[in-house]
Amino acid sequence: MRTPPESVNSLLARTSLERRPRIDALIIDKVPERREAQPPGLPRPALPEEVGRRLAEVSLLQAAWHTYCPPMRHPDADLREHELRADPYTVHRIQDQSYARIAEILARCSGVGHEAALDVGCGAGFDTFALATEFDRIIAIEVQRRPLRTARRIAREHQLGRVAFQRQDACIPASGGPFDFIYCNGMSHYTQQRARLVETLVQSAKPNGWLFIGEETEGYAPLEIEKAIGERDNRSLRARLRQVMNGILGFPAFRFFASGTLEPLLFACGAEATWSDTTDWVGLPYFQRTWARRVSETILVDEIHGDYTDLPDELGQLRDVCKPLVGRRLTRDERFRLLEFAESGGRLAPFAIFLLIIEVIDARLSWETSLTEKIRNRTPTRLKGAQPDWERVDDLFTQFRDLVAARHHAEIPSQN
Ligand SMILES: C[S@@+](CC[C@H](N)C(=O)[O-])C[C@H]1O[C@@H](n2cnc3c(N)ncnc32)[C@H](O)[C@@H]1O
């Protein structure tokens, strides 16, 4: 039942390792904690000599990079020094993050053309303007009206006529293609069908054109759930628990994808992944970035249904264990067996504990099509979900975290 379509399987098998690109995973630890700024007026402590020497080396490297680095093709789209009329989050994303981020991403796209780029699920143009510094023409698509309004206003106020924001579903090919570069960051988990999205993106690229896709993977919801528990944020907790269950059960709603599964999907759609890296939470990848090039017309995607060319075994096992238990209260025996599986199954087995957490909050939360849940979503916020037993939720989550950490530590020696 989890066997992918024969032709995809055999094609992937026939393409031996030397033909298929190797995905190199660069594991970066969780984002470093923020340091408190030095209070004004206090003397700065002297830097140790070694640190000073290293900083001087870094400055030299930076100077060399700036000398070597080609000038921006379109400085009119550099909005870092401009006043932007937008909410603080949008301003921060555009001015403090996007330019360095897009430069880093494009640095991996050797020989990329600069005529046209597509930004898919662009939000309020968080990275669109940075893209516009390198491409002559940008099409940016988004389904929500409000962020689009903000993005269009920014473009208008800064006379960026080369950037067109369009309200459109990403699974429908965008007008203005084919594109030299396609950028799709953090939106694939909202689409109805990941395979259809990837197919559309690949087909919208020029031959040899580049694609960059950033995706939320298995660690994303746990990372947010830990934060929600810490902040006693019931709303976020419930939303992220749904993300976990949708990802496990394979519902075409707000979900996660198992890491390492985009490469074969890209391949089936006619693109080859050239590089991939992940950012981790307790050793679980929570975000995966993948660079790929369109290499052929091979489109096998019609034979792929859903999100995977081949459902990973560990996700399949977890799905089989959870499916009969969703949407209802569990018996003692079922709880016991869930815990047993969480402790002894594959890499994703600890996720079974989320069913126990959901039971503490509201068993119906795990069932995507629950009518009660839909009705509840229409009721005023104050009536939405009573506060859960936070201590019990915290206990179960700690159990999940410990199991994940133990597996991660057990894996480290075998990787070396
Ligand atoms: C998490 S945000 C990411 C925004 C931006 N790409 C970034 O990197 O911050 C995902 C965006 O994708 C949009 N989106 C969701 N489904 C979409 C679809 N089917 N077609 C186009 N945009 C979509 C959402 O409205 C949202 O603005």
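Structure report, in brief. Since the model is a prediction, treat every value here as computed from it, not as a measurement.

Each value, and the rule that gives it
Residues numbered from 1 in each chain as written. Predicted model: local features only at pLDDT ≥ 70, side-chain atom pairs only at ≥ 80, totals over all residues. Helix = DSSP H or I, 4+ residues; strand = E, 2+ residues; numbered from the N terminus. Buried ≥ 20, exposed ≤ 12 C-beta atoms within 10 Å, placed from the backbone. Contact = placed C-beta atoms within 7 Å. Near = placed C-beta within 6 Å. Nonpolar A, V, L, I, M, F, W, Y, C, P; charged D, E, K, R; others polar. Core = buried A, V, L, I, M, F, W, Y, C linked by C-beta atoms within 7 Å. Axes fitted to C-alpha atoms, helices over the stretch in contact; angles between N-to-C directions. Parallel < 35°, antiparallel > 145°, perpendicular 65-115°, else oblique. Left-handed = near helix turned anticlockwise from the far one by under 90°. Pairing = 2+ DSSP bridges. Expected span 1.5 Å × (residues − 1). Arc of directions from axis to C-beta.

**Topic: the overall build of the protein chain**
Secondary structure assignment for the protein chain yields 14 helices and eight strands. In the protein chain, which comprises 416 residues, the proportion classed as buried is 38%. Counting contacts in the protein chain only where the partners sit at least 6 residues apart, residues at least 24 apart contribute 73% of the total.

**Observations regarding the site of the ligand**
Surrounding the ligand, one finds 17 residues, the nearest of these being Gly121, Gly123, Ala170, Asn185 and Met187. A per-class count over the shell around the ligand returns eight nonpolar, six polar and three charged.

**With respect to the nonpolar core**
Among soluble globular proteins, nonpolar side chains are generally buried collectively. The biggest cluster of nonpolar side chains holds 62 residues, and the ones touching the most others in it are Ala117, Val120, Ile182, Tyr183, Leu201, Leu211 and Leu266. When sequence neighbours within four positions are dropped, the list of residues in contact with Ala117 reads Leu131, Phe135, Ile138, Phe179, Asp180, Phe181 and Tyr183. The next biggest cluster of nonpolar side chains, apart from the first, holds 42 residues, and it includes Ile225, Phe256, Leu315 and Ile358.

**Brief notes about the packing of helix α7 (residues 220–230) against helix α8 (residues 234–249)**
Running from N to C, α7 and α8 point in directions that differ by 160°, and their axes come no closer than 9 Å. With respect to each other, α7 and α8 are oriented roughly antiparallel. Helix-helix and strand crossings are classified by hand; for α7 and α8 the assignment is left-handed. Mapping the contact onto sequence places Ala221, Glu224, Ile225, Ala228 and Ile229 in α7 and Ser236, Leu237, Arg240, Leu241, Gln243 and Val244 in α8. For the contact of α7 with α8, a count of residues per class yields seven nonpolar, two polar and two charged.

**Some remarks on the pairing of strand β5 (residues 179–185)**
Side-chain positions along a regular strand alternate between the two faces of the sheet. Summarising burial for β5: seven of the seven residues are buried, a large majority. Sheet analysis places strand β2 (residues 116–120) next to β5, joined by four bridges and oriented parallel. By the bridge assignment, Asp119 is partnered in β5 with Tyr183. Relative to strand β6 (residues 205–216), β5 is paired through six bridges, and the arrangement is parallel. Bridge pairing in β6 links Cys184 to Ile213.

**Digging into the environment of Leu311**
Relative to the elements of secondary structure, Leu311 occurs in the loop between β8 (284–294) and α10 (313–322). Residues Leu311 and Ala258 lie 53 residues apart in sequence; the distance between their C-alpha atoms is 8.8 Å.

**Focus on helix α11 (residues 332–344)**
Taking 1.5 Å per residue as the helical rise, α11 with its 13 residues ought to reach 18 Å, and the 19 Å between its terminal C-alpha atoms agrees with that figure. For α11, every residue scored as buried is listed here: Leu338, Phe341 and Ala342. Buried residues in α11, looked at end-on, bunch into an arc of 100°, giving them a common side. Turned more than 90 degrees away from the buried face of α11, the exposed residues are Arg332, Asp333, Phe336, Glu340 and Ser344.

**Focus on the environment of Thr90**
By the secondary structure assignment, Thr90 is in helix α3 (residues 88–106). The exposure class of Thr90 is partly exposed, given the 19 C-beta atoms found within 10 Å. Between the alpha carbons of Thr90 and Gly125 there is a distance of 8.2 Å; along the sequence they are 35 residues apart. Excluding residues within four positions of it along the chain, Thr90 makes contact with Ala124, Phe126 and Thr150.

**What to know about helix α12 (residues 353–361)**
Taken across its nine residues, α12 has eight buried, putting it largely inside the fold. Buried within α12 are the following residues: Ile353, Phe354, Leu355, Leu356, Ile357, Ile358, Glu359 and Ile361.

**Things to note about unusual backbone geometry**
Here the residue pair Gly177 and Pro178 is connected by a cis peptide bond, since its omega of 0° sits within 30 degrees of zero. Mapped onto the elements, Pro178 comes out in the loop between β4 (163–167) and β5. You will see that Asn208, though not glycine, has its phi angle at about 70°, which is positive. Its location among the elements puts Asn208 in strand β6. Given 12 C-beta atoms within a 10 Å radius, Asn208 is considered exposed.

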